[in-house]
Amino acid sequence: LLPLLAAIACQLLKLGCTSRAWRNVLAAAYPDLPVRWPPIFAAYVAGVGVNAIVPARAGDAVRIVLAHRAIPGSSYTTVVSSNVVLTFVDMALALTVFVFALTQGLLPSLDVLSSLPAFEYGWAVEDGVVRPPAVILVAAVVAGGTWLLHHFWNRLRDRVAQGFAVFDPPTRYVRTVVVWQLADWALRFTTIWFFLGAFGIPQSVEHAVLVQATMSLATLVPATPGEIGTEQALLVYAFRDVGVARSTLLAFSVGMKLTITVINVVIGFLAIFLTLGTVRYGSVVSGPPAESADEPR
């Protein structure tokens, strides 16, 4: 029970670290506006909570709308751009963890990956030739994206750049964003460490890194919602030489995911209720404040 409670505490602290980094990015984008951490924390955990149970990243829209509401005078374009700043450290560390696990032979090879459950893309290919509808679909998406970028870029450029103001100077980015994100990742591994202990699996840095690597890899393999199934299959394969029963590994993987999901949902919807007085987040996403047509926000 004690390791489980410690894991829950680390998960809550992790949410606080990430939201603090995001708040600092927004504060740099709006130096003349009050950017308080509590409402930004509420916006962040609300998005995490909705994403935990609703597909298609609906929580991202909730997070953006609530953050926009928390900063009077802000623009949606800048708030959205601020999220990109947070991806750099995450991508670098996720890649580092993945490469480490790959070089240590801890993850399955390509022939094993091909046998894991995944979404079927065979509809796009027939007898080794890409079907015309697939080509048309890809071309339409590329053409549409190019047109939108060309049409709106001049109008949005300044607001996009505003979201990256934290990089001027670079030392501010390191001091106010990177440090908090490094703390976030340290808490990720600490959370996994305590979950390993809660389920009686040997605790080690290598095992914690391995679990994180399987979680990251599972997001790259198109499978069931929430990576359910793929993540468990990767974990069982990665721990094949550890001497832990499959039932224990599956209990650990499902138990950790379920616990974190429950935490995220509870704190996320609590944040929505305290912020809006209701848990019906859909009305907030579908009804943001009106903005002028000639000045996209």
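**Student:** Quick rundown of the nonpolar core? Include the residues and the values.
**Tutor:** Nonpolar side chains tend to gather and get buried jointly when the protein is soluble and globular. In terms of nonpolar packing, the biggest core is built from 38 residues, with Trp22, Leu26, Val35, Ile40, Val166, Tyr173 and Val177 touching the most fellow members. Within the residue set of this core, elements represented by two or more residues are helix 1 (2-29), helix 2 (37-53), helix 3 (58-70), helix 4 (76-85), helix 8 (170-198) and helix 11 (246-276). Once you skip the residues sitting within four places of it in the chain, Val35 turns out to touch Arg23, Leu26, Ala27, Tyr30, Ile40 and Ile71. With 17 residues, the next largest nonpolar core counts Ile192, Leu196, Phe252 and Ile260 among its residues.

**Student:** Report on the packing of helix 2 against helix 11, specifying residues and quantitative values.
**Tutor:** Direction vectors running N to C along helix 2 and helix 11 enclose 130 degrees, while the axes themselves pass 7 Å from each other. Of the possible angle classes, the one that applies to helix 2 and helix 11 is oblique. In terms of crossing hand, the pair formed by helix 2 and helix 11 is left-handed. The residues of helix 11 that touch helix 2, namely those facing Phe41, Ala42, Val45, Ala46, Val48, Gly49, Val50, Ala52 and Ile53, are Thr261, Asn264, Val265, Ile267, Gly268, Phe269, Ala271, Ile272 and Thr275. Residues that form the contact of helix 2 with helix 11 fall into these classes: 13 nonpolar, five polar and no charged.

**Student:** With reference to specific residues and values, describe the confidence of the model for the protein.
**Tutor:** Per-residue pLDDT for the protein averages 81, and the proportion of residues at 70 or more is 75%. This stretch, residues 222-226, has a pLDDT under 50; its non-local contacts, to residues over four places away or in other chains, come to 10 contacts. Low pLDDT (under 50) marks residues 288-297, which in the prediction has 20 contacts with non-local residues, meaning those over four places away or in another chain.

Rules behind the numbers
- Residues numbered from 1 in each chain as written.
- Predicted model: local features only at pLDDT ≥ 70, side-chain atom pairs only at ≥ 80, totals over all residues.
- Heavy atoms only, no water.
- Core = buried A, V, L, I, M, F, W, Y, C linked by side-chain atoms within 4.5 Å.
- Buried < 20%, exposed > 50% of the residue type's maximum accessible area, 1.4 Å probe, protein only.
- Helix = DSSP H or I, 4+ residues; strand = E, 2+ residues; numbered from the N terminus.
- Contact = heavy atoms within 4.5 Å.
- Axes fitted to C-alpha atoms, helices over the stretch in contact; angles between N-to-C directions.
- Parallel < 35°, antiparallel > 145°, perpendicular 65-115°, else oblique.
- Left-handed = near helix turned anticlockwise from the far one by under 90°.
- Nonpolar A, V, L, I, M, F, W, Y, C, P; charged D, E, K, R; others polar.
- pLDDT = per-residue confidence, 0-100.

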